[in-house]
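Results of the structural survey
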Amino acid sequence: MRSALLQNGFRLSNEPQQADFLLINSCSFIREAQEETIATVFESLKLRDSKNKKMKVGLIGCFAERFSENVKTEIPELDFMVGTGKYHELPMILSQAYGIELNAHAALQAGDMSDSQNKLPYAWFRIAQGCSRHCAFCILPKIRGSLSPYDASSLERQWSEESRSPGSTPLREVILVSQDTISQGIDELRNIIEFFSKKDEVQWIRLQYLFPDRRVLKLLDLFQEFPKLVPYLDIPFQHVSQRMLEKMKRPSDTGLFKEILAKAVEVNPSTEIRTSLILGFPGEEQEDVETIRTFLTENTIHKLALFRYSHETGTYAGDHFTDDLSDDQKIERINDIRNLHLQLRQQHRSDLTGTIQELLVDEVAPGEIIARRPQDAPEIDEIVFLPFKKGIKPGDFVQASLDTPMEYDWMGSFADQITT
Ligand code: SF4
């Protein structure tokens, strides 16, 4: 969306109140996301009405697609809506609606274009769209459609949009995302990883959202073949009680989950695991929560996202089950599991304390430097705060000591010279 707009002469504004268009890219996946979207819409409309009445406010993406009729009737103050899959048409839609001449300014060259926006040494690449599975709690296949096959030309296009010119922040980390990454198949994933492995400036390649099926075991073999793959496994289990997994229409072979976790560490002992769990799915009993407690105690999970079950019309669970647990019960279970997880991760955190690690510098601010280990995904996992040091730029690799663990992040100090 950003590239399409920039290529057609639009410019990004750092001052929302001065913008001609305010675009809200939305999510409708679960109730919290819907609430956040609605709150953002009303904040934006307030900004328009109080600061810049000429501004046009548009709702883009998933929420606009899923609830278009409701939004039209309930928030008529919105100027326009554009659903998923139409991001690239946005310049044309705005041009037609508001009589804007496209390419009114000379479009910037691809390198200049991304340099003007990309100050970060990492970027996400979408390798596929949609999902062909039928998890009982998930609305996504209905919103995004079934899984699209990998398209090499789309990857080339995304690469050119992200390319950086000499002297600007290099692209050090590539994060491969889709709704169901493993279903591209091992051969395709191999091609994609190879494509990025050949790019000299890219040093880290991260895979996200690996559905826990047997192919993950094969995928782990690629970690030895491609050393740029970071020691990080993002594998959402969603539950670990067999009974609940069956109700959720998810793979219920928790033996496989354990096999995957064991192999990940065997392939590289420094691998860290991220998973997510949904608490409060219909019919969940206290014994299912106990099963989670046992699983977490017996298997090392370094990073854990916990979601409160959201009862969504249009999903199998939303249409066939009763949302039989109150929000308070769901939150209580989440808090219980979160506390256990925080306690269990202490050992790993103390093992890391005082170690020297190679970190990627993400941001340099006046008083501090923000960097990250390869085991931490940007904007999700832990960061390391380092003291400001002249000469260090985003995209540099530095040696640093992890001095003090904070609740989630770290305070660190430089241990060595910079490597670029
Ligand atoms: S695999 Fe993920 S995106 Fe697909 S239906 Fe299941 S939860 Fe939804």
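These numbers were taken from a predicted model, which means no experiment stands behind them.

Cut-off values and rules
- Residues numbered from 1 in each chain as written.
- Predicted model: local features only at pLDDT ≥ 70, side-chain atom pairs only at ≥ 80, totals over all residues.
- Helix = DSSP H or I, 4+ residues; strand = E, 2+ residues; numbered from the N terminus.
- Rg over C-alpha atoms; globule rule 2.2 N^0.38 Å.
- Buried ≥ 20, exposed ≤ 12 C-beta atoms within 10 Å, placed from the backbone.
- Contact = placed C-beta atoms within 7 Å.
- Domains from an automatic or database assignment.
- Near = placed C-beta within 6 Å.
- Nonpolar A, V, L, I, M, F, W, Y, C, P; charged D, E, K, R; others polar.
- Pairing = 2+ DSSP bridges.
- Right-handed = clockwise from strand over helix to strand, strands pointing away.
- Axes fitted to C-alpha atoms, helices over the stretch in contact; angles between N-to-C directions.
- Parallel < 35°, antiparallel > 145°, perpendicular 65-115°, else oblique.
- pLDDT = per-residue confidence, 0-100.
- Expected span 1.5 Å × (residues − 1).
- Arc of directions from axis to C-beta.

Right, let's get into the overall build of the chain. From N to C terminus, the chain includes 16 helices and 14 strands. Here the C-alpha radius of gyration of the chain, 23 Å, is about what a compact globule of 420 residues would show, namely 22 Å. Taking the principal axes of its C-alpha atoms as reference, the chain extends roughly 60 × 60 × 40 Å. Taking all 420 residues of the chain together, the buried fraction comes to 33%. Counting only contacts in the chain whose residues sit at least 6 apart along the sequence, the fraction spanning at least 24 positions is 71%.

Segmenting the chain into domains produces domain 1 (2-98), domain 2 (110-350) and domain 3 (353-419). Put simply, the middle of domain 1 and the middle of domain 3, counted by C-alpha atoms, are 35 Å apart.

In the region of the ligand, the neighbouring residues are C131, R133, C135, C138, L140, P141, Q179, D180 and F211. Here the residues of the shell around the ligand are counted per class, giving 6 nonpolar, 1 polar and 2 charged.

Time to look at the pairing of strand β6 (residues 204-207). Pairing geometry for strand β5 (residues 173-177) and β6, over 4 bridges, is parallel. Directly across from I175, in β6, lies its bridge partner R206. Read as a crossover between parallel neighbours, the route from β5 over helix α9 (residues 186-197) to β6 is right-handed.

A few words now on the sheet that holds β6. A sheet is described by the order of its strands in space; here 3 strands give the open sequence β4-β5-β6, paired in parallel fashion. Here the strands that pair on one side only, and so sit at the sheet edges, are β4 (122-126) and β6. Across this sheet, the average inter-strand angle for adjacent strands is 20°, counted without regard to direction. Strand direction decides the pairing type here: β4 and β5, joined by 5 bridges, are parallel.

Turning next to the packing of helix α13 (residues 286-298) against helix α15 (residues 327-344). Packed helix pairs are characterised by how far apart their axes lie and by the angle those axes make with each other. Close contact between α13 and α15 brings their axes to 10 Å; oriented N to C, the two are set at 10°. Taken together, the axes of α13 and α15 are roughly parallel relative to one another. Mapping the contact onto sequence places V289, I292, R293, L296 and T297 in α13 and R333, D336, I337, L340, H341 and L344 in α15. Its residues assigned to classes, the contact of α13 with α15 shows 6 nonpolar, 2 polar and 3 charged.

In this section: the confidence of the model for the chain. Mean pLDDT over the chain: 92, with 95% of residues reaching 70 or higher. Segment residues 107-116: pLDDT under 50, and 21 contacts once partners within four positions in sequence are set aside and those in other chains are kept.

Turning to the pairing of strand β9 (residues 303-308), a few remarks are in order. Direction of pairing for strand β8 (residues 272-279) relative to β9: parallel, over a ladder of 6 bridges. From the neighbouring strand, L277 faces β9, where its bridge partner is L306.

This part takes up the sheet that holds strand β1 (residues 21-26). Spatially, β1-β2-β3 is the arrangement adopted by the 3 strands of the open sheet, whose pairing is parallel. The open sheet has two edge strands, β1 and β3 (80-82), and neither has a second partner. Across the sheet, the mean angle from the axis of one strand to that of its neighbour is 20°, orientation sign disregarded. The pairing of β1 with strand β2 (residues 56-61) spans 6 bridges and is parallel. Looking at the pairing, N25 lines up with I60 of β2. Its contacts with the sheet put helix α2 (residues 31-51) on β1 and β2, and the angle it makes with β1 is roughly 175°.

With that settled, consider α13. Helical geometry: 3.6 residues make up each α-helical turn, so side chains three or four residues apart lie on a common side. Between its terminal C-alpha atoms α13 stretches 19 Å, which fits the 18 Å expected from 13 residues at 1.5 Å a residue. Of the residues making up α13, those classed as buried are D288, V289, I292, F295 and L296. With its buried residues spanning 115° around the axis, α13 presents them on a single face. In α13, the exposed positions angled more than 90 degrees off the buried face are occupied by Q286, E287, E290, T294, T297 and E298. Its buried side turned inward, α13 meets α11 (242-247), β8 and α15.

By the burial criterion, the buried members of helix α10 (residues 215-225) are V216, L219, L220 and F223. Projection of α10 onto a plane perpendicular to its axis shows the buried side chains occupying an angular sector of 110°, all on one side. What points out from α10, more than 90 degrees from its buried face, is the exposed set D221, Q224 and E225. Packed against the buried residues of α10 are α9 and α12 (254-267).

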